[in-house]
Amino acid sequence: MISERTRRNLRRELQRSLLAKIGIVVVVFMLAMAIFAPFISPYSPGQQNLENARQPPIGFSTKETKEVTKMENGSVVIENGQVVTEEQTVYTNATFAHPLGTDGNGRDILSRIIYGARTSILVGLFGTSLAALIGVLVGLSAGFYRGRVDDVLMRGADIMLAFPSLVLAIALVGVWGQAQAPIPDPFVVSGIAPAFRSAVGLPTGMPETVVLPGTVIVVVALVNWVWFARVSRGEALSIREEEYVKAARALGASDGRTVLRHVLPNAITPILVLATIQVAAIILLESALSFLGFSGADVSWGFDIALGRQYQSTAWWISTMPGLAIVVTVIGLNLVGDWLRDALDPGIEGEGGV
Amino acid sequence: MSLSRFLIKRSLQGLFVIWGVITVVFGLRFISPGDPANVLLPPDVDPEVRAQVIAELGLNEPLYVQYWDFVSGIPVGDLGLSLVTRTPVASRVVTKLPATLELAIAATIVAVIIAIPLGVVSATRRHQPADYSATVFSLVGISTPNFWLGVMLILVLAVQLNLFPTSQRPIGIDGIVLLLVGGNLSAAFDGFTTWLWHITLPAITLGTYFTALITRLTRSGMLDQLGQTYVRASRAKGLPETLVRYKHALRNTLIPVITVIGLQLGTLIGGAVITEAVFAWPGLGTLIINSINARDWPVLQGSLIVVAVGFVLVNILVDALYAYVNPQVAYD
């Protein structure tokens, strides 16, 4: 489906642009992190260790004053029938065991970021695919048939666009609740990851399932399909006038065949560019839903940012680190999107096109 | 097609979309599991009482009656009663509206003031350090989740440095106007400084994405305009460069930028919802989130309708402005 010319343009643009290279490296890195999480994650993302709570990341230490029971010669001091307390300054240093520190329950932040990448990327990829499926179907039909079909479908799209995507997403998740599907993690269930971990001396006991946030995927797709519909409609409108489409129809190809074999392949470039940018937009949307506590995910970058808020005066890193992960991922995806757009120049309008 | 015909057509389309919005919002209740009566009643309630409540809410009426009640109330500002407080939804939405509008407008002002000069500088000094900084800023700006930015601003500027309050809105523009009308000038001034102090961080939080977006748009639009023949012609006839840039090129750049600002209003309102959650800002977003948590459908439906209808109206306005400035649009 990708022509030699397209491939050459992509390669040329990649050689020219440093930003495109950075984007690809970031995206590949994040994907690898998500896929190989059970191999590389230092701990299980849910493993708590309350004695190690709020340990700072490497390069930082914290000073905290605590009220502790006063002890003398190994016994509690009692004056006037009351247990005497004193202020004690506690210094906590970073350790290499937790490079990015630990959260309020002593869970390792690096492990949570590695596993959080799975949630973000699953929602990003599945949500975008579903949105593209709906949107491309609607858009191609509208553009191919024009007339009344076009009017009905695109007015429907206008109605969807009238709702701010985050507001609609919150409302739908709120209405539908949080259906989640645990899918078994092939690396853990097959025993490859545990064997690898015990061989290199990492703690075992990684989660056996990956939670697929079903409602969130459906909702982000329902909210974002409109952009795909607009782009593919525009493409279909111009492609249907091409000679080869007319030829295919004259030869008696059915509408379905004409659209799938002739219109879609020629409209695929702008759809792919839009999809890249939509993965970024959907990752942002998922993190916002998780931040508000609506997604039901308990290992998610957005959710961890919200969890860290109660420690904002004592442990800044709990909210900071997952946010950096989001920013880096989204920058990477936007750079890849820019690269595809500059190389293929499809001139996309709408949210993804700026 | 003349301008007035274009406007009439656009308004009719808008009316249709508003009707669609209302219908979709009405339908929301029917795709949700659970009965609205369960919100009001304990689960072990007497079936007779339950039937009575359902009758009072009109939930046993045929669907078309319920739909007609819902739709016919809206033009006269009747959005029903809250299930939880039994007060009119419309008045609750209206009391929350100023806080959200204020935040959205403040964010837009922040964005426009920073972004347009930044975009112009970036375009006129292409491939210079200023351009690279602006490009990096806008890339980071569109990639940063605004709720996280808000949390970071609170962390650094409010908690650590204690320069700004972490949350709340002790006074709004409506309160300040009341003080002004009452002739209490010093109190109004104090109110204004308090307001400014509290809205700064939320406005930056909400405005950063737009600043980045408008910077990008202004830069690319300006570059596009500066490459046009009329720019070369004006330079050739000896117009000063500032006049060429700011009177001609910038003006033509701003037209599409304004359209995009209008189109992005939905994102702005969506952003306001989450910004309000971060800063405990008592606006429409907080109302929406609370109504979902309380399963208070009428309040959620009312807020959604107000937000969506507002969005449609603003877009018609932007289209009208656009068609007025650039009459070609009306003929397409």
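About the criteria used
- Along each chain, numbering runs from 1 in the same order as the chain's sequence is written.
- Each chain takes a letter, starting from A, and each ligand takes a number, starting from 1, following the order in which they are written.
- Side-chain atom pairs in this predicted model are given and counted only at pLDDT of 80 or more, local residue features only at pLDDT of at least 70, and totals for whole chains, interfaces and linings cover all residues.
- Note: side-chain values were computed over all heavy atoms of the structure, leaving out hydrogens and water.
- UniProt positions are given in the numbering used here, feature names are shortened, and annotations may be inferred rather than shown by experiment.
- We define a salt bridge as a contact between a side-chain nitrogen of Lys or Arg and a carboxyl oxygen of Asp or Glu at a distance within 4 Å.
- Each helix is a run of DSSP H or I of at least 4 residues and each strand a run of E of at least 2, with the numbering of both proceeding from the N terminus.
- Classification of residues uses two cut-offs on accessible area relative to the type maximum, computed with a 1.4 Å probe and protein chains only: under 20% is buried, over 50% is exposed, and between them is partly exposed.
- By definition, residues are in contact when any of their heavy atoms lie within 4.5 Å.
- Computed with a 1.4 Å rolling probe, the buried area is the accessible surface lost when two parts are put together, summed over both parts.
- The definition of a polar contact used here is a pair of N or O atoms within 3.5 Å, where within protein one atom must be able to donate a hydrogen and the other to accept one, and adjacent residues in sequence count solely through side-chain atom pairs.
- Patch building starts from residues that exceed 30% relative accessible area and form no salt bridge, then joins like charges within 9 Å and nonpolar side chains (Val, Leu, Ile, Met, Phe, Trp, Tyr) within 5 Å.
- All accessibility values rest on the Shrake-Rupley procedure with a 1.4 Å probe; residue burial counts only the protein chains present in the view.
- In this document the domain limits rely on a domain assignment from an automatic tool or a database.
- Here the term charged refers only to Asp, Glu, Lys and Arg, the term nonpolar to Ala, Val, Leu, Ile, Met, Phe, Trp, Tyr, Cys and Pro, and the term polar to all other amino acids, Gly among them.
- Only four residue types enter the charge count: Lys and Arg as positive, Asp and Glu as negative, with His and the chain ends excluded.
- Charged groups are reduced to one reference atom each: NZ for lysine, CZ for arginine, CG for aspartic acid, CD for glutamic acid.

Per an unreviewed UniProt entry, chain B is named Peptide ABC transporter permease, and its organism is Haloferax profundi. The record held by UniProt for chain B lists under Subcellular location (unreviewed entry) the comment "Cell membrane". For chain B, the Sequence similarities (unreviewed entry) comment in UniProt is given as "Belongs to the binding-protein-dependent transport system permease family."

Where an unreviewed UniProt entry is consulted, chain A appears under the name Peptide ABC transporter permease, with the organism given as Haloferax profundi. The UniProt entry for chain A carries this comment under Subcellular location (unreviewed entry): "Cell membrane". Quoted straight from UniProt, the Sequence similarities (unreviewed entry) entry for chain A says "Belongs to the binding-protein-dependent transport system permease family."

S.K.: So, the pattern of salt bridges: which residues are in play, and what are the values?
M.R.: The final tally for this structure, using the stated rule, is 17 salt bridges over all chains. Between Glu13 of chain A and Arg16 of chain A there is a salt bridge, with its nearest N and O atoms 2.8 Å apart. In this pair, Glu13 of chain A and Arg16 of chain A both sit in helix H1 (residues 4-16), three residues apart, roughly one turn of the helix. The shortest N-O distance in the salt bridge between Arg341 of chain A and Asp342 of chain A comes to 3.9 Å. A relative accessible area of 42% means that Asp342 of chain A is categorised as partly exposed. Here the salt bridges do not stand alone but share partners, grouping Asp338, Arg341 and Asp342 of chain A together with Arg216 of chain B into one network.

S.K.: Describe the interface of chain B and chain A, listing the residues and the values that go with them.
M.R.: Taken residue by residue, the interface counts 49 residues in chain B and 40 residues in chain A. Contact with chain A buries surface across chain B, with Ser143, Phe147 and Trp148 of chain B losing the most and accounting together for 14% of the total. Applying the counting criterion to the chain B and chain A interface returns one salt bridge. Between Arg216 of chain B and Asp338 of chain A there is a salt bridge; the shortest N-O distance is 2.9 Å. Viewed at the interface, chain A and chain B are joined by six residue pairs in polar contact (both at pLDDT 80 or more). Those elements that place two or more of their residues in the side of chain B that touches chain A are helix H1 (3-31), helix H6 (129-143), helix H7 (146-160), helix H9 (185-226), helix H12 (265-279), helix H13 (284-293) and helix H14 (297-325) of chain B. It is H1 of chain B that provides the largest number of residues to the side of chain B that touches chain A, a total of nine residues.

S.K.: Any details on a nonpolar patch on the surface? Residues and values, ideally.
M.R.: On the surface, a cluster of nonpolar side chains totalling about 410 Å² of accessible area is made up of Leu31, Ile35, Phe36, Ile40 and Leu125 of chain A. Within the element layout of this structure, Ile35 of chain A appears in helix H2 (residues 18-35).

S.K.: Report on the side chain of Arg169 of chain B, specifying residues and quantitative values.
M.R.: Residues and elements named next belong to chain B. When you line up the elements, Arg169 lands in the loop between H7 and helix H8 (173-181). At 3.0 Å, the side chain of Arg169 and the side chain of Glu102 are in polar contact. One polar contact links Arg169 to Asp174, side chain to side chain, over a distance of 3.4 Å. Ignoring any residue separated from it by four or fewer positions in sequence, one finds Arg169 in contact with Pro98, Ala99, Glu102, Asp174, Trp281 and Pro282.

S.K.: An account of the UniProt feature "domain: ABC transmembrane type-1" (unreviewed entry) in chain B is needed here, citing residue identities and associated values.
M.R.: Under the UniProt annotation, the feature "domain: ABC transmembrane type-1" (unreviewed entry) is placed at residues 97-322 of chain B. Note that residues 97-322 of chain B is 85% helix and 0% strand, and that its end C-alpha atoms are spaced 27 Å apart.

S.K.: Kindly report on the UniProt feature "domain: ABC transmembrane type-1" (unreviewed entry) in chain A, identifying the contributing residues and their values.
M.R.: Within this numbering scheme, the UniProt entry marks residues 117-337 of chain A as carrying the feature "domain: ABC transmembrane type-1" (unreviewed entry). Secondary structure content for residues 117-337 of chain A is 76% helix and 4% strand, and the end C-alpha separation is 19 Å.

S.K.: Give me the lowdown on the environment of Val279 of chain A, citing residues and values where you can.
M.R.: Residues and elements named next belong to chain A. Position of Val279 relative to the elements: it lies in helix H11 (residues 255-291). Residues Val279 and Leu125 lie 154 residues apart in sequence; the distance between their C-alpha atoms is 6.3 Å. Once you skip the residues sitting within four places of it in the chain, Val279 turns out to touch Gly124, Leu125, Thr128 and Leu333.

S.K.: Break down the domain arrangement of chain A for me, with residues and values.
M.R.: Residue and element names in this part refer to chain A. Partitioning chain A into structural domains gives domain 1 (4-59 + 100-344) and domain 2 (60-93). For domain 1 and domain 2, the distance between their C-alpha centroids amounts to 49 Å. Between domain 1 and domain 2, the residue contacts involve nine residues of the former and six residues of the latter. The interface formed by domain 1 and domain 2 contains zero salt bridges. Where domain 1 touches domain 2, the interface holds one residue pair in polar contact (both at pLDDT 80 or more). For the side of domain 1 that touches domain 2, the per-class residue count stands at five nonpolar, three polar and one charged.

S.K.: An account of the UniProt feature "transmembrane region" (unreviewed entry) in chain B is requested, with residue identities and associated values reported.
M.R.: Residue and element names in this part refer to chain B. Those places that UniProt annotates as "transmembrane region" (unreviewed entry) correspond, in this numbering, to residues 12-31, 97-120, 132-159, 195-215, 254-279 and 299-325. Between the end C-alpha atoms of residues 254-279 there is a gap of 32 Å, over a span that is 96% helix and 0% strand. The straight-line gap between the two end C-alpha atoms of residues 299-325 is 39 Å; of that span, 100% is helix and 0% is strand.

S.K.: Tell me about the UniProt feature "transmembrane region" (unreviewed entry) in chain A, and please be specific about residues and values.
M.R.: Residues and elements named next belong to chain A. Those places that UniProt annotates as "transmembrane region" (unreviewed entry) correspond, in this numbering, to residues 20-40, 121-145, 157-177, 210-228, 271-294 and 314-336. Spanning residues 121-145, this segment combines 100% helix with 0% strand, and its end C-alpha atoms are found 35 Å apart. With 81% helix and 0% strand, the stretch residues 157-177 has end C-alpha atoms that lie 25 Å from each other.

S.K.: Can you break down a positive patch on the surface residue by residue, with the values?
M.R.: Residues and elements named next belong to chain A. Taken together, the side chains of Arg5, Arg7, Arg8, Arg11 and Arg12 present a region of like positive charge at the surface. Its place among the elements puts Arg11 in helix H1. Under the relative-accessibility criterion, Arg11 is labelled partly exposed at 42%.

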